[in-house]
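Here is how the chains run, residue by residue.
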2 protein chains.
Amino acid sequence: MRPAFDLSLYLVLDPVQCGGHEASLDVARAALAGGASIVQLRAPEWHKRAWLALARDLLPITRAHGVPLVINDHLDIALAAGADGVHVGQRDLPADVARRLLGPDALIGLSVSDAREVAVANALGDTIDYLGAGPVFATPTKTDASAPCGIDGLAALCSQARYPTVAIGGIQLHNAPDVMRARPAGLAVVSAICKAANPRDAAAHLRAAITRAQP
Amino acid sequence: MRPAFDLSLYLVLDPVQCGGHEASLDVARAALAGGASIVQLRAPEWHKRAWLALARDLLPITRAHGVPLVINDHLDIALAAGADGVHVGQRDLPADVARRLLGPDALIGLSVSDAREVAVANALGDTIDYLGAGPVFATPTKTDASAPCGIDGLAALCSQARYPTVAIGGIQLHNAPDVMRARPAGLAVVSAICKAANPRDAAAHLRAAITRAQP
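Residues numbered from 1 in each chain as written. Chains lettered and ligands numbered in written order. Predicted model: local features only at pLDDT ≥ 70, side-chain atom pairs only at ≥ 80, totals over all residues. Heavy atoms only, no water.

### Quick word on the overall build of chain A
And step 1. On a plain count of helices and strands, chain A comes out with 10 helices and 8 strands.
And step 2. Relative to a compact globule of 215 residues, whose C-alpha radius of gyration would be 17 Å, chain A shows 16 Å and is just as compact.
And step 3. Partitioning the intrachain contacts of chain A with sequence separation of at least 6 by distance along the chain shows that 60% fall at a separation of at least 24.
And step 4. For chain A, the exposed surface amounts to about 8,500 Å²; the carbon and sulfur share of it is 53%.
And step 5. A gap of 2 Å separates the mean positions of the 19 positive and 20 negative side-chain charges of chain A. (Helix = DSSP H or I, 4+ residues; strand = E, 2+ residues; numbered from the N terminus. Rg over C-alpha atoms; globule rule 2.2 N^0.38 Å. Contact = heavy atoms within 4.5 Å. Areas by Shrake-Rupley, 256 points an atom, 1.4 Å probe, with all protein chains shown as cover. Lys, Arg positive; Asp, Glu negative; His and termini not counted. Charge placed at Lys NZ, Arg CZ, Asp CG, Glu CD.)

### Concerning the UniProt feature "binding site: 4-amino-2-methyl-5-(diphosphooxymethyl)pyrimidine" (unreviewed entry) in chain A
Residue and element names in this part refer to chain A.
And step 1. Mapped onto the present numbering, the UniProt feature "binding site: 4-amino-2-methyl-5-(diphosphooxymethyl)pyrimidine" (unreviewed entry) falls on N72, S111 and K142.
And step 2. Residue contacts for S111: discarding those within four places in its chain leaves H87, V88, G89, Q90, E117 and G132.
And step 3. A distance of 2.8 Å separates the side chain of S111 from the side chain of H87, its partner in a polar contact. (UniProt positions renumbered as here; feature names shortened; annotations may be inferred. Polar contact = N/O pair within 3.5 Å; in protein donor to acceptor, adjacent residues only side chain to side chain.)

### Focus on the relation of the copies chain B and chain A
Applying a rotation about an axis and a shift along it to one chain copy brings it onto the other copy.
And step 1. Rotating chain B by 180 degrees and translating it 0.0 Å along the rotation axis places it on chain A, where the RMSD comes to 0.0 Å. Here the copies are linked by what is in effect a two-fold axis. In terms of C-alpha distance to the rotation axis, chain B has D76 of chain B as its closest residue, with the C-alpha 2.4 Å off the axis.
And step 2. The residues that chain B uses at the interface reappear at the interface of chain A in 100% of cases, marking a shared surface. (Least-squares fit on C-alpha atoms with pLDDT ≥ 70 in both.)

### A short note on the pairing of strand β1 (residues 9-13) of chain A
Residue and element names in this part refer to chain A.
And step 1. Burial analysis of β1 places 5 of its 5 residues in the buried class, the great majority of the element.
And step 2. Neither face of β1 is open: one carries L9, L11 and L13, the other Y10 and V12, and all of them are buried.
And step 3. Pairing of β1 with strand β8 (residues 186-189) involves 3 bridges; the strand directions are parallel. Bridge assignment links L9 to a residue of β8, and that residue is L187. (Buried < 20%, exposed > 50% of the residue type's maximum accessible area, 1.4 Å probe, protein only. Pairing = 2+ DSSP bridges.)

### A closer look at the packing of aromatic side chains
And step 1. Applying the stated criterion across every chain, the model contains 4 aromatic pairs over all chains.
And step 2. Ring pairing ties together the aromatic residues F5, Y10 and Y130 of chain A, which thus form one cluster. (Phe/Tyr/Trp six-rings, centres within 6.5 Å; stacked < 30°, edge-to-face > 60°.)

### Details of the side chain of D76 of chain B
And step 1. Topologically, D76 of chain B is positioned in helix α4 (residues 75-81).
And step 2. D76 of chain B gets classed as buried once you look at its relative accessible area, which sits at 0%.
And step 3. Setting aside its immediate chain neighbours within four residues, D76 of chain B contacts K48, D73, H74, L75, D76, L93 and L101 of chain A together with K48 of chain B.

### Quick word on the sheet that holds strand β1 (residues 9-13) of chain B
All names here are of chain B.
And step 1. Read once around its circumference, the closed barrel built from 8 strands follows the order β1-β2-β3-β4-β5-β6-β7-β8, with strand pairing classed as parallel. Sheet twist, expressed as the mean angle between neighbouring strand axes with direction ignored, is 25 degrees.
And step 2. Looking at chain direction, strand β7 (residues 165-167) and strand β8 (residues 186-189) are connected through 2 bridges and run parallel. Residue pairing across strands places V166 opposite G186, the latter belonging to β8.
And step 3. Most of the contacts of helix α2 (residues 21-34) go to β1, to which it runs at about 175 degrees, and overall it touches β1 and β2 (38-41). (Axes fitted to C-alpha atoms, helices over the stretch in contact; angles between N-to-C directions.)

### Notes on the sheet that holds strand β7 (residues 165-168) of chain A
All names here are of chain A.
And step 1. If you trace the 8 strands once around the closed barrel, you get β1-β2-β3-β4-β5-β6-β7-β8, paired in parallel fashion. On average, adjacent strands in this sheet sit at an angle of 25 degrees to one another, irrespective of strand direction.
And step 2. Note: strand β6 (residues 130-133) against β7, 3 bridges, orientation parallel. When the sheet's bridge partners are listed, G132 is paired in β7 with V166.
And step 3. Where helix α2 (residues 21-34) meets the sheet, it contacts β1 and β2 (38-41), and its direction lies at approximately 175 degrees from that of β1.
And step 4. On top of the sheet, helix α3 (residues 48-64) reaches β1, β2 and β3 (69-72); it is set at about 160 degrees to β3, its chief contact.

### Topic: the pattern of salt bridges
And step 1. In the structure shown here, the tally under the stated rule is 14 salt bridges over all chains.
And step 2. The partner of R63 of chain A in a salt bridge is D84 of chain A, with the nearest N and O atoms 3.0 Å apart. Of this pair, R63 of chain A sits in helix α3 while D84 of chain A sits in the loop between α4 (75-81) and β4 (85-88), and the two are 21 residues apart along the sequence.
And step 3. According to the relative accessible area criterion, R63 of chain A is partly exposed, its value standing at 46%.
And step 4. Notably, a salt bridge pairs D26 of chain B with R29 of chain B, separated by 2.9 Å at the nearest N-O pair. Residue D26 of chain B and its partner R29 of chain B are located together in helix α2, separated by 3 residues, close to a single helical turn.
And step 5. What you see here is one network of salt bridges that share partners, running through K48 and D76 of chain A together with D73 of chain B. (Salt bridge = Lys/Arg side-chain N within 4 Å of Asp/Glu carboxyl O.)

Structure representation (structure tokens):
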């Protein structure tokens, strides 16, 4: 049975932005205390042995909060660590491969950036669990990302999608209320928490903005 | 039962050096016709969906020659494609994780660059099947590689190792006889075949040099 999940405040944990392994654990603890509802580990600059060590140290922290930990891109790290799932992009291993390798209980998210990708995703049935739509705004975090969809574009993707859809790309506290107008299931943030002077407060402020915007 | 394998002419297939997906298939066919005895797919610049497509197209080719196909680093691609095994480095997922995820029949190789790494590898028992030792010479292919060990250093690593050990790093036809003096189980080449004007001839000339040097 696949666990329930809550996309409302989706932390993409980038250990380079956080400042390393230990700092990433601190950011995760703080963000969870501040209200993060799901954590994705994404460390594109890191070798897999370092990913695995961090994933293994993160799991007791996320589990203590009853929050899933998903791994960006690398199914093998998810399998090795016993993480709760993966998040794959359009050029990563296909979602059906992820489902086959990870099994029926894994949480699987897929990035989409346009109507065509949502249409393809909509045909995947319960192969996937949620979508990540964006980038909403231009962002320096992912240099290979698609063109920004903007808030109106995001709203169109969210209404087209048959899955809960989290918004990603350039989301910060100041634009969070605007992004919520597009009715995503939640907001995914990277630097807004990983680079915050106080990640707990940053998460709590985002959480409050999201709660205010929810119907 | 783990299949027999022959490290003598070990092709590291780099699809960027080959010139893309189709060109890589052509290089693989030619190298196998010329005497390559094992193929590793390594595409550090590529996204995983492209790796998977290439691995799936390579497998019927390597299987037709009775030669194993191993995947560099990414266990998930090996699992998804049904490849014969993986080759992992010191910063990739640990060999025991690879063995656990891939099962007893997979071929697992591990890169080593110094006596300490060989000593650790020697304690792994049948978790691994072979070692890749090097770089023998400086090489532009792997910019994050360790310092070159040279031929004397390679000889020391090969005699210390409890596993068949293939030499890698800067090996070309002109230095192949010298490298074989270190008594490796074989020579791993990248550009010497992938960038050759005639990959079949390049493989055949390397094969001849290796055969002449073997006791």
